[in-house]
Amino acid sequence: MGFRLRSRVNENNDLGSTGDLGAINGALLGLLAMLLAFTFSMANSRYDTRRELVIEEANAIGTVILRTDIYPDSMRTLLRSHLKDYVDARIAFYQAGMDIEKMLNLFDKAGEISGKVWSIAATYAKQDNITTRTSELIPALNAMIDITTTRRAAGESTIPDSIMYFLFALCFCSAFLLGYDRKNKFDLIVVVGFALMLSATVFTIIDLDRPRGGLINLDTPNQKIIELREMFK
């Protein structure tokens with residue numbers, strides 16, 4: 001678009017060919033490079049946080065499952081039955097993908113199950129004379145419940161829309177002015193290469209910032225929660 005507009009300007013006004021936008025293009029490309037690096041860093045930091053939280057949740061759930069072994073068989077069976085349902089709900093929560101309504105329903109379902117587990121453990125703690133059991137399970141159960149809210153908040157924390165809109169606008173302006181500054185020469189290979197690399201970079205940033213859908217996801221760390229099913233066999 002920039003190149004075509006410059007060609008029309010040159011045809012209608014000979015003075016239009018004397019303008020040099022090299023300094024402006026250099027400044028815009030420098031600003032674009034800085035913003036791309038900034039947004040990529042933000043997206044990568046958020047992705048690492050989400051990945052660590054998935055592993056942390058898998059460890060928290062695994063700890064609770066293991067500590068049910070210190071309870072009598074009847075209580076252990078009851079707790080593990082609910083914990084198995086809880087694990088299935090948390091797995092389904094991730095597998096819901098970009099279906100927000102389904103994801104929220106599964107989040108609430110897991111919350112209800114964890115509430116039942118907490119109620120069972122709290123009721124038993126009032127009757128049990130052995131405080132060691134309570135002191136081992138209750139803190140682990142509390143950590144398991146708390147991590148779900150932390151993980152959800154991290155998942156909803158994305159790069160602010162205003163920054164993304166500014167990035168899109170800056171990409172458009174930089175590409176437009178580069179084409180406008182070409183004067184009478186237009187190297188198709190350079191232009192296509194620039195467009196592809198810029199688009200691929202922006203796509204990677206968006207994909208990294210939204211791991212529930214796209215090429216970059218959290219399937220590998222989420223596998224650790226799926227593996228918890230083996231503890232119920």
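Everything that follows concerns the structure shown earlier in this document.
The model shown is predicted, which means the values in this text are computed figures rather than measured ones.

## Details of the overall build of the protein chain
Counting secondary structure elements, the protein chain contains eight helices and zero strands. Reading the helices (α) and strands (β) of the protein chain from amino to carboxyl end gives α-α-α-α-α-α-α-α. Taken over C-alpha atoms, the radius of gyration comes to 27 Å for the protein chain, far larger than the 17 Å a tight globule of 233 residues would show. Across its three principal axes, the protein chain shows a C-alpha extent of roughly 95 × 25 × 25 Å. A buried classification covers 37% of the 233 residues belonging to the protein chain. Taking the contacts inside the protein chain whose residues are at least 6 apart along the sequence as the reference set, 81% of them involve residues at least 24 apart. On the protein chain, roughly 13400 Å² of surface is accessible, and the fraction owed to carbon and sulfur atoms is 59%. Within the protein chain, one finds 26 positive and 27 negative side-chain charges whose respective centroids are separated by 2 Å.

## Some details on the pattern of salt bridges
The final tally for this structure, using the stated rule, is twelve salt bridges. Of the charged contacts, one joins Asp209 and Arg50 as a salt bridge, the two residues approaching to 4.0 Å between their closest N and O atoms. Note that Asp209 is positioned in helix α7 (residues 188–209) and Arg50 in helix α2 (residues 22–67), a separation of 159 residues in sequence. In this pair, the class of Asp209 matches that of Arg50, namely buried. With its nearest N and O atoms 3.4 Å apart, the salt bridge here joins Lys233 to Glu230. For Lys233, a relative accessible area of 78% gives the class exposed. Here the salt bridges share partners, and the residues they tie into one network are Arg50, Asp209 and Arg210.

## A few points about helix α8 (residues 219–226)
Taken together, the buried positions of α8 are Pro221, Asn222 and Ile225. Each buried residue of α8 sits inside an arc of 100° when the element is viewed along its axis, so together they form one side. Contacts made by the buried residues of α8 are with α2, α3 (73–95) and α5 (131–156).

## Topic: the packing of helix α6 (residues 161–180) against α7
Relative placement of two packed helices is described by the angle separating their axes and the distance separating the axes. For the pair α6 and α7, interaxial distance at closest approach is 12 Å and the crossing angle is 175°. One finds that α6 runs roughly antiparallel with respect to α7. For the pair α6 and α7, contact is made by Met164, Leu167, Phe168, Cys171, Ala175 and Leu178 and by Phe194, Leu198, Val202 and Ile206, respectively. Grouping the constituent residues of the contact of α6 with α7 by class yields ten nonpolar, no polar and no charged.

## Focus: the packing of helix α4 (residues 100–127) against α5
Packing of α4 against α5 brings their axes to within 11 Å, and their N-to-C directions diverge by 165°. Between α4 and α5, the angle is such that the two are roughly antiparallel. Considering the relative orientation of α4 and α5, their crossing is left-handed. In this structure, α4 uses Leu104, Phe107, Ser114, Val117, Trp118, Ala121, Tyr124 and Ala125 to contact α5, whose residues at the interface are Arg133, Thr134, Leu137, Ile138, Leu141, Asn142, Met144, Ile145, Thr148 and Arg152.

## A look at α4
Under the 1.5 Å per step criterion, the end-to-end length of α4 is 41 Å for 28 residues, consistent within 8% with the ideal 40 Å. By the burial criterion, the buried members of α4 are Met103, Leu106, Phe107, Ala110, Ile113, Ser114, Val117, Ile120, Ala121 and Tyr124.

Definitions and limits used
Residues numbered from 1 in each chain as written. Predicted model: local features only at pLDDT ≥ 70, side-chain atom pairs only at ≥ 80, totals over all residues. Heavy atoms only, no water. Helix = DSSP H or I, 4+ residues; strand = E, 2+ residues; numbered from the N terminus. Rg over C-alpha atoms; globule rule 2.2 N^0.38 Å. Buried < 20%, exposed > 50% of the residue type's maximum accessible area, 1.4 Å probe, protein only. Contact = heavy atoms within 4.5 Å. Areas by Shrake-Rupley, 256 points an atom, 1.4 Å probe, with all protein chains shown as cover. Lys, Arg positive; Asp, Glu negative; His and termini not counted. Charge placed at Lys NZ, Arg CZ, Asp CG, Glu CD. Salt bridge = Lys/Arg side-chain N within 4 Å of Asp/Glu carboxyl O. Arc of directions from axis to C-beta. Axes fitted to C-alpha atoms, helices over the stretch in contact; angles between N-to-C directions. Parallel < 35°, antiparallel > 145°, perpendicular 65-115°, else oblique. Nonpolar A, V, L, I, M, F, W, Y, C, P; charged D, E, K, R; others polar. Left-handed = near helix turned anticlockwise from the far one by under 90°. Expected span 1.5 Å × (residues − 1).

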